[in-house]
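Observations on the model geometry
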Amino acid sequence: MTNPKKIVVEGTDIEFSVDEGDTILRAALRNGIGLPYDCNSGGCGSCQFELINGEIEDLWPEAKGIGERARRRGRHLACQSRPDGDCTIKVQIERQYEPIVSPRRQTLRYVSCTQITHNMAEFTFKGDLPADFLVGQYILLDIPTVEGSRAYSMSNLPNEQGEWRFIAKRILGGAATSFLFEHLVSGQKIEIDGSYGMSYLREDSPRDIILIGGGSGISPLMSIMQQASISATASQKKMLLFYGGREPQDLCANKLVSAYPSLAQRVSVVEAISDTDGLNRPEGTELGFIHDVVRQNKKVQINPLNYDYYFCGPPPMISAVNKMLQLDLNVPANQLYYDSFL
Ligand SMILES: Cc1cc2nc3c(=O)[nH]c(=O)nc-3n(C[C@H](O)[C@H](O)[C@H](O)COP(=O)(O)OP(=O)(O)OC[C@H]3O[C@@H](n4cnc5c(N)ncnc54)[C@H](O)[C@@H]3O)c2cc1C
Ligand code: FES
């Protein structure tokens with residue numbers, strides 16, 4: 001084991017150490033420092049910093065979260081950077097990013113998998129420590145044979161028993177999901193790090209909640225809904241869940257919500273399919289892209305500003321929902337909490 005590396009944040013009195021194998025972002029958060037971030041996966045660019053002094057190893061030079069021009073100007077992604085020695089960096093530290101639950105590494109054992117749709121399943125893992133996270137957050141999985149970590153968002157509630165669950169969508173040819181769906185065996189050990197993420201439930205907000213999901217984006221929304229239904233401060237909130245798929249076989253929101261009696265009474269569900277001539281549309285299902293379905297919903301139209309919006313799913317859905325909420329309905333950005341499943 002080599003000595004930890006020291007990172008100094010230029011123009012501040014902040015410095016922190018990075019243990020072997022850790023990235024600059026994860027180490028900052030482990031030390032309680034609010035280095036801005038979102039995806040922790042190289043895709044969003046919000047963790048960019050300028051390297052003033054020292055050397056770093058770039059874990060994923062092709063990461064889309066930073067362009068060539070920025071790289072030439074000495075900028076890097078903190079979530080994809082490991083220091084090769086002590087470094088000085090320039091970055092704006094912000095208190096809102098200081099973790100409420102400190103991220104930690106641990107080993108989990110695979111327990112089981114429950115099929116949810118033709119290509120989605122809920123995976124359950126168990127660890128020796130309590131499963132500590134904010135609802136809506138994700139963990140990073142180190143999957144054997146896959147380079148880099150992959151993010152998966154918890155679908156269950158934090159618990160003392162150390163049970164972690166997430167819903168994953170199988171991607172044909174995808175390295176991570178092929179492993180999860182084809183090669184995991186009961187009792188198999190897997191390393192995780194977390195929890196991370198900024199789109200966690202704001203229980204103290206005075207507003208009701210709209211949740212919008214596509215594909216495995218339902219995973220953190222299940223966790224958020226369960227917590228909101230039992231929370232001392234949020235349990236009076238109305239919850240409206242919109243879920244979109246291409247075809248009827250993709251839909252799962254009604255099924256998942258009705259499996260929890262506490263949610264079935266509390267959550268109104270609207271499901272929609274986009275890719276069909278409408279002939280096989282199940283009764284009660286809307287037709288169209290989910291952002292259009294939300295925009296045309298009567299409850300939303302009465303006063304879109306009455307809600308906090310939590311949305312997760314594939315990147316095109318996230319950008320369409322974001323654009324619709326901010327540009328068409330004028331919802332302020334501080335009422336929007338989302339994760340793009342890059
Ligand atoms: C915040 C967040 C939360 C997520 N939550 C969920 C969830 O709950 N359920 C779910 O099904 N999916 C979730 N995802 C997506 C998930 O992390 C995987 O990207 C997805 O399962 C695709 O895996 P794959 O097998 O198709 O692809 P893979 O072949 O494993 O690659 C998929 C992606 O990994 C990235 N990648 C490629 N090479 C590297 C590398 N060297 N280092 C780091 N990254 C690399 C690229 O972005 C690529 O698009 C989430 C993603 C993010 C960012
Ligand atoms: S947090 Fe580093 S690119 Fe998204």
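Here is what the cut-offs are and how they apply
- Numbers given to residues run from 1 along each chain, matching the order in which its sequence is written.
- To label them, take the chains in the order written and letter them from A, then take the ligands in the order written and number them from 1.
- Residues qualify for local features only when their pLDDT is at least 70, as the model is predicted, and side-chain atom pairs are given and counted only at 80 or more; totals for whole chains, interfaces and linings, by contrast, use all residues.
- Excluded from the side-chain calculations are hydrogens and water; all other atoms, namely the structure's heavy atoms, are used.
- Strands were regarded as paired on the criterion that DSSP finds at least two bridges between them.
- In this text, helices come from DSSP runs of H or I with a minimum length of four residues, and strands from runs of E with a minimum of two, each type numbered from the N-terminal end.
- Throughout, an axis means a line fitted to C-alpha atoms (over the contacting stretch in the case of helices), and angles, computed between N-to-C directions, take values from 0 to 180 degrees.
- Residue ranges for the domains originate in an automatic or database domain assignment.
- Between two residues, a contact is recorded if the distance between any of their heavy atoms is within 4.5 Å.
- Each of two parts loses accessible area, computed with a 1.4 Å probe, when they are put together; buried area is these two losses added.
- Any carboxyl oxygen of Asp or Glu within 4 Å of a side-chain nitrogen of Lys or Arg constitutes a salt bridge here.
- Each polar contact in these results corresponds to two N or O atoms within 3.5 Å; when the atoms are within protein, one needs to be able to donate a hydrogen and the other to accept it, and residues that are neighboring in sequence are counted only if both atoms are side-chain atoms.
- For this scheme, ten residues count as nonpolar: Ala, Val, Leu, Ile, Met, Phe, Trp, Tyr, Cys and Pro. Four count as charged, namely Asp, Glu, Lys and Arg, and the remainder, Gly too, count as polar.

**Side note on the sheet that holds strand 7 (residues 87–90)**
Reading across from one edge, 2-1-7-3-5 is the order of the five strands in this open sheet, with mixed pairing throughout. Two strands in the sheet have a free side with no partner beyond their single neighbour: strand 2 (15–18) and strand 5 (75–77). Averaged over all adjacent pairs, the angle separating strand axes in this sheet is 40°, with direction ignored. Note: strand 1 (residues 5–9) against strand 2, four bridges, orientation antiparallel. In the strand pairing of strand 2, Ile7 is matched with Phe16.

**Observations concerning the domain arrangement of the chain**
We note that the domain assignment places domain 1 (5–97), domain 2 (104–196) and domain 3 (208–340) within the chain. One C-alpha centre belongs to domain 1, the other to domain 2, and the line joining them spans 25 Å. Facing eleven residues of domain 1, the contacting portion of domain 2 comprises nine residues. Carbon and sulfur atoms make up 33% of the surface buried where domain 1 meets domain 2, a total of about 700 Å² over both sides. Looking at the side of domain 1 facing domain 2, the largest losses of area belong to Arg26, Arg30 and Asn40, adding up to 59% of the total buried there. A salt bridge links Asp193 to Arg30, with the shortest nitrogen-to-oxygen separation between them at 2.8 Å. At the boundary of domain 1 and domain 2, one finds six residue pairs in polar contact (both at pLDDT 80 or more). Within the side of domain 1 that touches domain 2, the residues separate by chemical class into four nonpolar, three polar and four charged.

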